[in-house]
Amino acid sequence: MPSDDASALPSESVSPPTAPPAAGYRALLRNREFAGLYAGFTLTVAASTLSGFALGTLVDDRTGSPFLTAVSMYGATFATVLGALTLMSVADGKRPRRTLVTLQCVSLAGVGAQAVPGLPLAARFGLLLVLGFFQSLGTGARMGLLAEVVPASAYALARSLMNITSGGTAVLGFALGALLLRYLNPHEVFVVAAVLTGLGLVAVATTAREHSTRPAGPGRPGTRSDARPGPLPGLRRTWATNTELFSHPGRRALLLNLWVPNGLIVGCEALFISYDPEHAGVLLAASSAGMLLGDLTVGRLLTADRRRRCAFALRLLLAVPYLLFAARPPTMVAAVAVFVAGAGFAATLPLQEQLLALTPDPVRGQVQGVESAGRMTWQGIGAALAGGLALYLGPGPTITVLAALSATVTVTVLSRPFVARAG
């Protein structure tokens with residue numbers, strides 16, 4: 001995410017790397033702190049995949065509603081924007097490790113509560129919103145730590161590895177979820193997810209160190225150094241940094257490119273259970289496998305300049321294959337189309353690089369948390385939009401409409417000139 005005029009954000013420069021660049025994934029994993037963050041992230045993704053698939057299946061069985069099924073799979077993302085707008089500055093606090101561990105404890109409690117048999121659907125949706133709120137804060141804290149435990153030159157490689165792992169874990173998670181649900185009920189699958197969440201908590205707690213070099217409170221970028229502390233300093237700091245973040249057109253263009261196309265295509269994925277209940281796991285796994293391959297290719301094999309030049313084509317690739325759903329293709333053809341489209345998610349890597357290059361060190365966690373929260377919120381918007389349209393059009397036609405909309409906004413609204421200005 002090469003640069004853009006940084007005048008809209010505070011003027012602190014990005015610190016130079018404190019360690020030599022990592023030569024590859026193995027070199028990254030020799031860093032104990034990164035290995036711990038990576039293991040915790042992997043286990044958290046596995047738990048989230050299993051619990052989301054179990055909840056979507058449970059809601060579909062109870063209600064048969066495409067809207068409620070789609071929202072149950074991605075409803076937590078609606079609450080991530082609340083975290084981004086209120087307390088995201090905790091991601092850049094003096095004790096990011098303690099913050100991350102605390103938030104993962106909250107996540108463990110929430111996943112464990114989903115395992116309670118007989119829990120009303122209203123309570124399950126309420127838990128989704130609570131978990132989504134704290135998940136956004138946890139993502140900001142994790143990414144803030146990541147930017148400190150690896151050198152700046154290895155950041156894109158580290159994000160690539162985590163994205164690849166996310167895709168691979170999701171492939172295995174959806175396949176394992178489909179298998180487990182043949183022998184276990186959804187509540188028992190939630191127990192498995194809770195165990196994985198607990199293991200992720202242990203991985204972070206036993207490896208990560210505190211990084212307390214980032215300033216907080218008065219004197220922090222976006223606040224007056226002589227301001228008196230008030231009852232909601234985290235809220236004020238969050239709003240101050242967010243205002244600076246969105247004040248520059250180039251940064252807004254980057255964020256919209258990261259959010260809107262992805263969200264609409266996730267809306268397509270949210271309809272897989274309603275579209276083909278028998279083979280939904282295959283379609284979800286195919287999408288995750290495509291994302292894994294795309295991130296591996298773009299993050300590991302392409303230079304930063306080539307990644308940036310490929311971003312526009314990748315955003316189109318994300319949408320166009322879904323147009324085949326207009327013809328109601330056979331399952332294997334649909335799976336291939338979804339796999340190819342999944343590679344388009346790799347467009348996030350060059351855009352995230354550009355955004356990081358524009359972000360001063362003291363607010364890296366918050367800005368990355370806002371980016372992640374906005375992307376997840378748009379996934380929730382896409383899922384809700386997909387579920388609502390499917391009530392009238394049916395799942396297949398709705399998938400086609402959302403794919404066409406994603407391609408259209410990519411070409412017309414989120415086109416190359418806007419991102420070029422950000423560079």
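Worth saying up front: this structure is predicted, and the values here are computed from it rather than measured.

About the thresholds
Residues numbered from 1 in each chain as written. Predicted model: local features only at pLDDT ≥ 70, side-chain atom pairs only at ≥ 80, totals over all residues. Heavy atoms only, no water. Helix = DSSP H or I, 4+ residues; strand = E, 2+ residues; numbered from the N terminus. Contact = heavy atoms within 4.5 Å. 1 Å grid on protein atoms, 1.4 Å probe; cavity = no way out; pocket = protein on both sides within 12 Å on 5 of 7 lines; lining within 4 Å. Points joined across faces, edges and corners; volume = space filled by probe spheres on them. Nonpolar A, V, L, I, M, F, W, Y, C, P; charged D, E, K, R; others polar. pLDDT = per-residue confidence, 0-100. Buried < 20%, exposed > 50% of the residue type's maximum accessible area, 1.4 Å probe, protein only. Salt bridge = Lys/Arg side-chain N within 4 Å of Asp/Glu carboxyl O. Patch = residues over 30% accessible without salt bridge, like charges linked within 9 Å, V, L, I, M, F, W, Y side chains within 5 Å. Areas by Shrake-Rupley, 256 points an atom, 1.4 Å probe, with all protein chains shown as cover. Phe/Tyr/Trp six-rings, centres within 6.5 Å; stacked < 30°, edge-to-face > 60°. Lys NZ or Arg CZ within 6 Å of the ring centre and 35° of its normal.

Trainee: What's the story with the overall build of the protein in this structure? I'm lost.
Mentor: Per the secondary structure count, the protein includes 18 helices and zero strands. In the protein, the proportion of contacts linking residues at least 24 apart, taken out of those at least 6 apart, comes to 86%.

Trainee: Where do I start with the layout of surface pockets in this structure?
Mentor: To locate leftover empty space, one rolls a probe as large as a water molecule over the atoms. Reported here for the largest pocket is a volume of approximately 440 Å³. If you go around the largest pocket, you meet 18 residues; those closest to its centre are Phe53, Ala178, Arg182, Pro277 and Glu278. Tallying contributions element by element places helix H7 (residues 155-183) first for the lining of the largest pocket, with five residues. For the lining of the largest pocket, the class distribution of residues is 11 nonpolar, three polar and four charged.

Trainee: Got a minute to help me understand the confidence of the model for the protein in this structure?
Mentor: Predicted coordinates in regions of low pLDDT should not be interpreted in detail. This prediction gives the protein a mean pLDDT of 77; 74% of its residues lie at or above 70. Long-range and interchain partners of residues 1-22, a stretch whose pLDDT sits below 50, account for 67 contacts in this model, where long-range means more than four residues apart. Across residues 213-233 the pLDDT falls below 50, and counting only partners more than four positions away or on other chains, this stretch makes 41 contacts in the model.

Trainee: I'm lost on the environment of Gly342 in this one. Help?
Mentor: If you trace the backbone, Gly342 turns up in helix H14 (residues 331-342). On the basis of relative accessible area, Gly342 is assigned to the buried category, the value being 1%. It is 7.2 Å that separates the C-alpha atoms of Gly342 and Ala289, two residues lying 53 residues apart in sequence. Not counting the four nearest positions on each side in its chain, Gly342 is found in contact with Ser287, Gly290 and Met291.

Trainee: It is not clear to me how the pattern of salt bridges should be interpreted in this structure. Could you clarify?
Mentor: Between side chains of opposite charge, a pair can form as their charged atoms come close. For the coordinates displayed, the defined rule picks out four salt bridges. With a closest N to O distance of 3.5 Å, Arg308 and Asp305 form a salt bridge. Separated by three residues within a single helix, Arg308 and Asp305 lie in helix H13 (residues 304-319), roughly one turn from each other. Taking the shortest distance from any N to any O, the salt bridge between Arg309 and Asp305 comes out at 2.1 Å. Residue Arg309 and its partner Asp305 are located together in helix H13, separated by four residues, close to a single helical turn. For Asp305, a relative accessible area of 36% translates into the label partly exposed. One salt-bridge network, held together by shared partners, links Asp305, Arg308 and Arg309.

Trainee: Looking at this structure, I do not really get a nonpolar patch on the surface. What am I missing?
Mentor: On the surface, Phe67, Leu68, Leu391, Tyr392, Leu393 and Val401 cluster together to form a nonpolar patch covering roughly 590 Å² of accessible area. When residues of the nonpolar patch are traced back to their parent elements, those giving at least two are helix H3 (66-74) and helix H16 (364-393). By secondary structure assignment, the location of Tyr392 is in helix H16.

Trainee: Would you explain the environment of Leu356 in this entry?
Mentor: Along the chain, Leu356 turns up in helix H15 (residues 348-357). Under the relative-accessibility criterion, Leu356 is labelled buried at 12%. Here the alpha-carbon distance between Leu356 and Ala147, two residues 209 residues apart in the chain, equals 9.2 Å.

Trainee: Sorry, what's going on with the side chain of Gln114 here?
Mentor: Tracing the sequence through the fold places Gln114 in helix H5 (residues 96-114). Sequence-distant contacts of Gln114, defined by excluding residues within four places in its chain, comprise Leu55, Leu119, Arg124, Leu127, Leu128, His187 and Phe190.

Trainee: Sorry if this is basic, but what is going on with the packing of aromatic side chains here?
Mentor: Two descriptors summarise a pair of aromatic rings, namely the distance from one centre to the other and the angle between the planes of the rings. As enumerated under the stated definition, the model contains five aromatic pairs in all. Ring plane angle 15° and centroid distance 6.4 Å describe the contact between Phe272 and Phe325, whose orientation is recorded as stacked. A residue pair is termed long-range when its members are at least 10 positions apart, and Phe272 in helix H11 (residues 272-275) and Phe325 in the loop between H13 and H14 qualify at 53 residues. Both residues of the pair, Phe272 and Phe325, count as buried. The structure contains a cluster of three or more aromatic residues connected by ring pairs, namely Phe272, Tyr275, Tyr322 and Phe325. Its guanidinium or amino end placed over the ring of Tyr275, Arg328 lies 4.2 Å from that ring's centre, counting from NZ or CZ.

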